Amino acid sequence: MTEELDWRLLDRFLAGECSAPERATVLEWLDGHPFAAEYLEAVSHTLAKRDAKPSPRRWSGRGSNGLRIAAVLVLAAGAAALWCLESLRREPALREFATARGRRAAIELADGTRIVLSVDSKLRVPVDYGVTARAVYLEGEAYFAIAHDAARPFAVHAGQGVIWDLGTRFGVRAYADEQDVEVVVADGKVRVRAAGSRDSAGQVVNEGELSRLDHTGVPSLPRRVDPRRYLAWTAGRLVFQDAPLRDVLPQLARWYDVDLTLGSPSLADRRLTLSVRGEPVAQVLDAIALLAHARFERAGRSVTFYPTTPKR
């Protein structure tokens, strides 16, 4: 987006006469312009002082870009300017796909992009997805197989980060109760970076690599992994390899729709290797107790693990 914006285009925007691509261009410019907030405030003051109908707009097309745009915003009072203010503040209309604990879902978008939504997850997709941009918003976990479109890159907003598709298949894990956002690439590559850091090159993650974005959206250096282990859930299997119990229990709780808690902090760091593929929950609980040297007490859908008492 350049610093110059055609004032005629902004004029049509304020009058509500822009096409969808033109409107997207103006919104992107205002979002990145350092004085956008001042312009909006100027319009607000103007609207508050005016009760009469707006005067006809006349443009000379002269002067600096900043002054010209400011003049447009201040003079374009009335219904058109009010519509502009509301549009800038309004969130885009979104369609939400959600899964409950213990449930997954397969989604195909209009462009052919395929998504598998994991348990206890939400995916929000703008209703105008694909018109000018392709972006989705994830809470939870999902696998993406992207239909390539060089003119409209695909982006996943998750936590405080953004994952940009560079022609690939990848998984994103972004549960609210987990501090980091995990990105693993099965094919191709992605670019990850903090949300709002448009000037940052971010971090490229290639096939067979994993990166985590911290609570501020800053990505870690990629490391080599076996993507099949991290994406096994798409085929109905969970794989844990030398994983601490504190990380294992939340995943199994979402998978089996049960509440799993630790009755003692001493169990949190006990590590286990386990593969689960649809076994009854009672069998899985027995396996965890055996591997973690623990016992459990169950009341309905609530299960609490305790350290085993040493035999005397």
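Here goes a summary of the coordinates provided. Note that this is a predicted model, so its numbers are computed, not measured.

**A look at the pairing of strand E6 (residues 154-158)**
Thought 1: Burial runs high along E6: 4 of the 5 residues are buried.
Thought 2: In terms of strand pairing, strand E5 (residues 134-145) meets E6 through 5 bridges, oriented parallel. Looking across to E6, one finds that Val 136 is bridged to Val 156.
Thought 3: When E6 meets strand E7 (residues 161-165), the two strands line up antiparallel, connected through 4 bridges. Bridge pairing links Ala 158 to Gly 161 in E7.
Thought 4: Counting the residues between successive antiparallel strands, the hairpin from E6 to E7 contains 2 residues, one of them, Gly 159, with a positive phi of roughly 60 degrees.

**A word on the side chain of Glu 182**
Thought 1: Relative to the helices and strands, Glu 182 is located in strand E9 (residues 181-187).
Thought 2: According to the relative accessible area criterion, Glu 182 is buried, its value standing at 14%.
Thought 3: In terms of polar contacts, Glu 182 uses its side chain to reach the side chain of Arg 212, at 2.7 Å.
Thought 4: Aside from chain neighbours lying at most four places away, what touches Glu 182 is Gly 171, Val 172, Arg 173, Leu 210, Ser 211, Arg 212 and Tyr 230.

**Notes on the packing of helix H7 (residues 245-256) against helix H8 (residues 281-291)**
Thought 1: Direction vectors running N to C along H7 and H8 enclose 175 degrees, while the axes themselves pass 12 Å from each other. Classified by the angle between their axes, H7 and H8 sit roughly antiparallel to one another. Contact with H7, carried on its side by Leu 245, Leu 249, Leu 252 and Tyr 256, involves Val 281, Val 284 and Ile 288 of H8 and no other residues of that element.
Thought 2: Each residue belonging to the contact of H7 with H8 can be placed in one class, and the counts come to 7 nonpolar, no polar and no charged.

**Quick word on the pattern of salt bridges**
Thought 1: Summed over the entire model, instances satisfying the criterion amount to 13 salt bridges.
Thought 2: Of the charged contacts, one joins Asp 242 and Arg 271 as a salt bridge, the two residues approaching to 3.4 Å between their closest N and O atoms. Taken as a pair, Asp 242 in strand E14 (residues 238-244) and Arg 271 in strand E16 (residues 271-276) lie far apart in primary sequence, 29 residues in all.
Thought 3: Several salt bridges share partner residues, and in doing so they unite Glu 141, Arg 173, Asp 177, Glu 178 and Arg 254 into one network.

**Comments concerning the sheet that holds strand E17 (residues 294-299)**
Thought 1: The sheet built from 3 strands is open, its strands ordered E15-E18-E17 with mixed pairing. Edge strands, defined here as strands with exactly one partner in the open sheet, are strand E15 (259-262) and E17. The average undirected angle you get between the axes of adjacent strands in this sheet is 25 degrees.
Thought 2: Note: E17 against strand E18 (residues 302-307), 6 bridges, orientation antiparallel. Within E18, the residue paired with Glu 297 across the bridge is Thr 304.
Thought 3: Its contacts with the sheet place H7 against E15 and E18, and it is angled at close to 165 degrees to E15.

**A word on the pairing of strand E2 (residues 105-108)**
Thought 1: Where E2 lies against strand E3 (residues 114-117), 4 bridges are found, and the strand directions are antiparallel. Bridging from a neighbouring strand, Glu 108 pairs with Arg 114 of E3.
Thought 2: Hairpin connection of E2 to E3: 5 residues between the antiparallel strands, including Gly 112 at a positive phi of 95 degrees.

Basis of the calculations
- Residues numbered from 1 in each chain as written.
- Predicted model: local features only at pLDDT ≥ 70, side-chain atom pairs only at ≥ 80, totals over all residues.
- Heavy atoms only, no water.
- Buried < 20%, exposed > 50% of the residue type's maximum accessible area, 1.4 Å probe, protein only.
- Helix = DSSP H or I, 4+ residues; strand = E, 2+ residues; numbered from the N terminus.
- Pairing = 2+ DSSP bridges.
- Polar contact = N/O pair within 3.5 Å; in protein donor to acceptor, adjacent residues only side chain to side chain.
- Contact = heavy atoms within 4.5 Å.
- Axes fitted to C-alpha atoms, helices over the stretch in contact; angles between N-to-C directions.
- Parallel < 35°, antiparallel > 145°, perpendicular 65-115°, else oblique.
- Nonpolar A, V, L, I, M, F, W, Y, C, P; charged D, E, K, R; others polar.
- Salt bridge = Lys/Arg side-chain N within 4 Å of Asp/Glu carboxyl O.

Read these as layout, nothing more, since geometry by itself doesn't imply function.
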